[in-house]
Amino acid sequence: MRIVPEALIAGLVSPEDAFAAIEAVFAAMSRGEARNFDVVREALGEGRQYGFKSGLDRAGGQLGVKAGGYFPGNASRGIINHQSTVFLFDPETGRPVAMVGGGLLTALRTAAASAISIDRLARPEARVLGMVGAGHQAAFQLRAAARVRRFERVIAWNLHPEMLTRLGAVAAELGLPFEAVPLDRMREADVIVTITSSPAACLLGAHVSAGTHLACMGTDTKGKQEVAPDLLARARVFTDELAQSVSIGEAQHAVAQGLLSPAQIVPLGDVVTGQHPGRQGAEEITLFDGTGVGLQDLAVAAMAVRRAEERGQGIVVEV
Ligand code: NAD
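In what follows, the accompanying structure is described. (Residues numbered from 1 in each chain as written. Predicted model: local features only at pLDDT ≥ 70, side-chain atom pairs only at ≥ 80, totals over all residues. Heavy atoms only, no water.)

On to the overall build of the protein chain, then. Of the regular secondary structure elements, the protein chain holds 10 helices and 16 strands. Its C-alpha atoms give the protein chain a radius of gyration of 19 Å, within 12% of the compact-globule value 20 Å for 319 residues. Seen along its three principal axes, the alpha-carbon backbone of the protein chain occupies a region of about 55 × 40 × 40 Å. Each of the 319 residues in the protein chain was classed as buried or not, and the buried ones make up 55%. Look at the contacts in the protein chain between residues 6 or more apart in sequence, and 70% of them connect residues 24 or more apart. Roughly 13,100 Å² of accessible area belongs to the protein chain as shown, and the carbon and sulfur atoms make up 54% of that amount. Here the protein chain contributes 30 positive and 34 negative side-chain charges, whose respective centroids are spaced 2 Å apart. (Helix = DSSP H or I, 4+ residues; strand = E, 2+ residues; numbered from the N terminus. Rg over C-alpha atoms; globule rule 2.2 N^0.38 Å. Buried < 20%, exposed > 50% of the residue type's maximum accessible area, 1.4 Å probe, protein only. Contact = heavy atoms within 4.5 Å. Areas by Shrake-Rupley, 256 points an atom, 1.4 Å probe, with all protein chains shown as cover. Lys, Arg positive; Asp, Glu negative; His and termini not counted. Charge placed at Lys NZ, Arg CZ, Asp CG, Glu CD.)

Turning our eyes to something else, we now look at the pairing of strand S6 (residues 82-89). Two elements, strand S5 (residues 62-70) and S6, share eight bridges in a ladder whose sense is antiparallel. Note on S6: the bridge partner recorded for Ala 67 is Thr 85. One ladder, built from five bridges, connects S6 with strand S7 (residues 96-101); its direction is antiparallel. By the bridge assignment for S7, Val 86 is matched with Val 100. Counted along the chain from S6 to the antiparallel partner S7, the turn is six residues long, and its residue Gly 94 has a positive phi close to 80°. (Pairing = 2+ DSSP bridges.)

Turning to the layout of surface pockets, a few remarks are in order. There is about 980 Å³ of room inside the largest pocket. Lining the largest pocket are 50 residues, with Tyr 70, His 82, Gln 137, Thr 196 and Ser 197 sitting closest to its centre. Considering every element that reaches the lining of the largest pocket, the biggest residue donor is S5, with five residues. Here the lining of the largest pocket is built from residues that sort into 19 nonpolar, 23 polar and eight charged. There are two domains that each give the lining of the largest pocket at least three residues, and those are domain 1 (2-106 + 295-316) and domain 2 (121-292). (1 Å grid on protein atoms, 1.4 Å probe; cavity = no way out; pocket = protein on both sides within 12 Å on 5 of 7 lines; lining within 4 Å. Points joined across faces, edges and corners; volume = space filled by probe spheres on them. Nonpolar A, V, L, I, M, F, W, Y, C, P; charged D, E, K, R; others polar. Domains from an automatic or database assignment.)

Relative to the helices and strands, Arg 2 resides in strand S1 (residues 2-4). For the buried Arg 2, no salt bridge exists, and the shortest N-O distance to an oppositely charged side chain is 4.2 Å, to Glu 309. There is a polar contact of 2.7 Å between the side chain of Arg 2 and the backbone oxygen of Gln 313. If near-sequence neighbours (up to four positions away) are discounted, Arg 2 is found in contact with Val 97, Ala 98, Met 99, Val 305, Ala 308, Glu 309, Gly 312, Gln 313, Ile 315 and Val 316. (Salt bridge = Lys/Arg side-chain N within 4 Å of Asp/Glu carboxyl O. Polar contact = N/O pair within 3.5 Å; in protein donor to acceptor, adjacent residues only side chain to side chain.)

Here we come to the site of the ligand. Not every one of the 28 residues close to the ligand is listed here, only the nearest: Tyr 70, Arg 109, Asn 158, His 160 and Lys 224. Here Gly 290 contributes a backbone N or O atom positioned 2.8 Å from a nitrogen atom of the ligand. Starting from 860 Å² of accessible surface for the ligand in isolation, the protein chains cover 90%. Assessed atom by atom at 2 Å from the grid points, the ligand resides in the largest pocket. For the shell around the ligand, the elements supplying multiple residues, two or more each, are helix H3 (103-121) and helix H4 (136-148). In terms of residue count, the dominant contributor to the shell around the ligand is H3 (three residues). Counting contributing residues, the shell around the ligand receives three or more from each of domain 1 (2-106 + 295-316) and domain 2 (121-292). (Near = heavy atom within 4 Å. Sits in = over half its atoms within 2 Å of the grid points.)

On to the environment of Gln 313. Topologically, Gln 313 is positioned in the loop between helix H10 (294-311) and strand S16 (315-316). As a C-alpha pair, Gln 313 and Leu 12 span 301 residues in sequence and 9.7 Å in three-dimensional space. Those residues in contact with Gln 313 that lie beyond four places of it in its chain are Arg 2, Leu 8, Leu 12 and Ala 308.

The full count for this structure, using the stated rule, is one aromatic pair. Look at Tyr 50 and Phe 52: their rings are 5.4 Å apart centre to centre, the planes differ by 75°, and that puts the pair in the edge-to-face class. The partly exposed category is assigned to Tyr 50, whose relative accessible area is 32%. For Phe 52, a relative accessible area of 33% translates into the label partly exposed. The positively charged end of Lys 224 is found above the aromatic ring belonging to Tyr 70, 5.2 Å away from the centroid. (Phe/Tyr/Trp six-rings, centres within 6.5 Å; stacked < 30°, edge-to-face > 60°. Lys NZ or Arg CZ within 6 Å of the ring centre and 35° of its normal.)

So, about the pairing of strand S15 (residues 286-289). Here S15 shows no split at all, with Thr 286 and Phe 288 on one side and Leu 287 and Asp 289 on the other all buried. As paired strands, strand S13 (residues 236-239) and S15 are joined by four bridges and run parallel to one another. Opposite Thr 239, over in S15, you have Asp 289 as the bridge partner.

Moving on to the nonpolar core. Counting 69 residues, the largest nonpolar core has Val 100, Leu 129 and Met 131 as its most contacted members. With near-sequence residues (within four places) excluded, Met 131 lies in contact with Ala 138, Gln 141, Leu 142, Val 154, Ile 155, Ala 156, Trp 157, Leu 167, Met 186, Val 193 and Ile 195. Core analysis: the next-biggest nonpolar cluster, separate from the first, contains 25 residues, Val 181, Cys 202, Leu 231 and Ala 254 among them. (Core = buried A, V, L, I, M, F, W, Y, C linked by side-chain atoms within 4.5 Å.)

Written as structure tokens, this is what we have:
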């Protein structure tokens, strides 16, 4: 098997590669050619979470698992809070094929999912990007969003305002004016990305204007929540994977409160394959509940392994 360490990933998979790979995975899921297995997610105490996301993509020939989690004490140790490794197996024989560093790949595949939702669901004339959250993932989200719409400015809110300086620097790199704002000014945004580890709704219905697209990316575990459930009741809701959306995604709360039926939630892959028209009017609020699926991890990891093989990179070991 080939070991592709974290340090090689940046040279192997670009954000554009991730966008194409994740769009192909969402389409394969929509066609029933690929499926995610049940997520295992366990609390380890002191806010630490550990688990497994896995799946089988028959179309892409991928079988594998991402093992990892969220370790909130890491930032003070100078390492990122998300830690993960992807393991790929031969779907015919079960033999291990590769072990791949999952940190950057997670950020790239998560930002790609959000950008695909913006590309497919936001109004074409969207000009103001709202960011809720300013942690590790937020910078990737901002860069990916800026690739799919011609934003003219960025407004941002974070519970810990001192973290916004770093996000502002990313906006500056992209040539976008950046302003830290209170949550009620999110009404100015055409697209809002939420990417926090919040345990309760920050963004309320009153903070969102008609016609906005929301990419809700932070809620990936039972008990997390970024937006008020009534917003999901008001919006047309899309997701990467329905089973995850209603159990560990943002929709868990609206569904539990009877404000949203699982039958109303549309897989984003159905929009990619043309089975669903997506946005159905300029005044509609569209909301993507991006929970993060194992198949996303396998797709970008497989791309990294293919490129590493072509270039003779990584470490090959017998197992
Ligand atoms: P991080 O630890 O670097 O940043 C956390 C962010 O959440 C910061 O903006 C912080 O200020 C904010 N925050 C912390 N506590 C809060 C609270 N009580 N209320 C509101 N905001 C709060 O984390 P990250 O790596 O940027 O990840 C952000 C979130 O995205 C996490 O919840 C993570 O699990 C999730 N995530 C989701 C996917 C996916 O595929 N959907 C992938 C990766 C990460």
